[in-house]
Amino acid sequence: MRAIGFHGTSAEAAQRILASGFEVSRNEYDWLGDGVYFFQDAPARALEWARERFGNDAAVLGAEIDLDDCMDLLDIKWQGVVRESHVDLIRRLSGSAQPIPRQTSGAHRLDRAVINRTVEVLKSRGIAVRAVRAAFTEGEQLFAGSALWSRAHVQIAVRDPLAIVRVWREPHEQRREA
């Protein structure tokens, strides 16, 4: 299965990526662990994210992503191993007197640590994980009592850049609001 993802960045970085490829992010705040991050099917959301960080220098790259070997957290089959990995991680950290990663609104350190641990556990079982996909609710409710959120999105973290099949630069002219 393939997905279309959109990566917000600066114009300079977009040129570098088109010439040399993506680099895997290993930031402590990355929700889905190590990976190249994409908003699935959401070019306007990627542009908004990029404009918040790079202003008028914002750029968006589109990519076709191979989701074979994806730990897809939209599918409940992964919940058990993620929960097991969380328990294992907390036990290991508590036993070594290391601090447990702390979540904040902008830095999902515990999520990152659990996802990275889950990928290690799966690898030890002979299961490759080339990408991780999950849904996130962000922003504000669209109206009082709603379960719909203004910045909800599906995010894909590609751990293996070889899963990125094709890349292109998105023209800003296509960013029109409905």
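Residues numbered from 1 in each chain as written. Predicted model: local features only at pLDDT ≥ 70, side-chain atom pairs only at ≥ 80, totals over all residues. Heavy atoms only, no water.

Turning next to the overall build of the chain. The helix and strand inventory of the chain stands at four helices and seven strands. Going residue by residue from the N terminus, the α and β elements of the chain occur as β-α-β-α-β-β-α-α-β-β-β. Expected size for 178 residues packed as a compact globule is a radius of gyration near 16 Å; at 17 Å, the chain falls within 12% of this value. For the chain, the spread of C-alpha atoms along the principal axes amounts to about 55 × 45 × 30 Å. Within the chain, buried positions represent 46% of all 178 residues. Within the chain, counting contacts between residues at least 6 apart in sequence, those at least 24 apart form 75% of the total. In the form shown here, the chain has an accessible surface area of approximately 10200 Å², with 50% of it arising from carbon and sulfur atoms. (Helix = DSSP H or I, 4+ residues; strand = E, 2+ residues; numbered from the N terminus. Rg over C-alpha atoms; globule rule 2.2 N^0.38 Å. Buried < 20%, exposed > 50% of the residue type's maximum accessible area, 1.4 Å probe, protein only. Contact = heavy atoms within 4.5 Å. Areas by Shrake-Rupley, 256 points an atom, 1.4 Å probe, with all protein chains shown as cover.)

Looking now at helix H3 (residues 79-95). With 17 residues, H3 extends 24 Å between its outermost C-alpha atoms, agreeing within 8% with the 24 Å of an ideal straight helix rising 1.5 Å per residue. Following H3 by one or two positions, alanine 97 adopts a phi angle in the positive range, close to 65°. (Expected span 1.5 Å × (residues − 1).)

Right, let's talk about the layout of surface pockets for a bit. Size it by volume and the largest pocket reaches roughly 910 Å³. Lining the largest pocket are 35 residues, and of these Asn27, Tyr29, Asp30, Tyr37 and Trp49 sit closest to its centre. Counting only elements with at least two residues in the lining of the largest pocket, the list comes to strand S1 (2-10), helix H1 (11-20), strand S2 (36-40), helix H2 (43-54) and strand S6 (153-158). Per-element accounting of the lining of the largest pocket gives the leading share, six residues, to H2. Here the residues of the lining of the largest pocket are counted per class, giving 13 nonpolar, 13 polar and nine charged. (1 Å grid on protein atoms, 1.4 Å probe; cavity = no way out; pocket = protein on both sides within 12 Å on 5 of 7 lines; lining within 4 Å. Points joined across faces, edges and corners; volume = space filled by probe spheres on them. Nonpolar A, V, L, I, M, F, W, Y, C, P; charged D, E, K, R; others polar.)

In this section: the pairing of S6. Across the six residues of S6, five count as buried, placing the element largely inside the fold. Note that strand S5 (residues 131-136) and S6 share six bridges and pair antiparallel. For alanine 135, the partnering residue across the bridge sits in S6 and is valine 154. (Pairing = 2+ DSSP bridges.)

As summarised here, the arrangement of the seven strands in space is S4-S5-S6-S2-S1-S3-S7, forming an open sheet in which the pairing is mixed. What marks the edges here is a single partner per strand, and that holds for strand S4 (70-72) and strand S7 (164-170). Geometrically, the sheet is characterised by an average inter-axis angle of 30° between neighbouring strands, direction not taken into account. Relative to S5, S4 runs parallel, the two sharing three bridges. Within S5, the position partnered with cysteine 70 by the bridge is alanine 131. Packing against the sheet, H1 makes contact with S1, strand S3 (58-66) and S7, and its axis sits at approximately 130° to S1. (Axes fitted to C-alpha atoms, helices over the stretch in contact; angles between N-to-C directions.)

Moving on to the confidence of the model for the chain. Summarising the model, the chain shows a mean pLDDT of 93, and 96% of its residues fall at 70 or more. The model gives residues 173-178 a pLDDT under 50, and that stretch makes four contacts with residues more than four places away or in other chains. (pLDDT = per-residue confidence, 0-100.)

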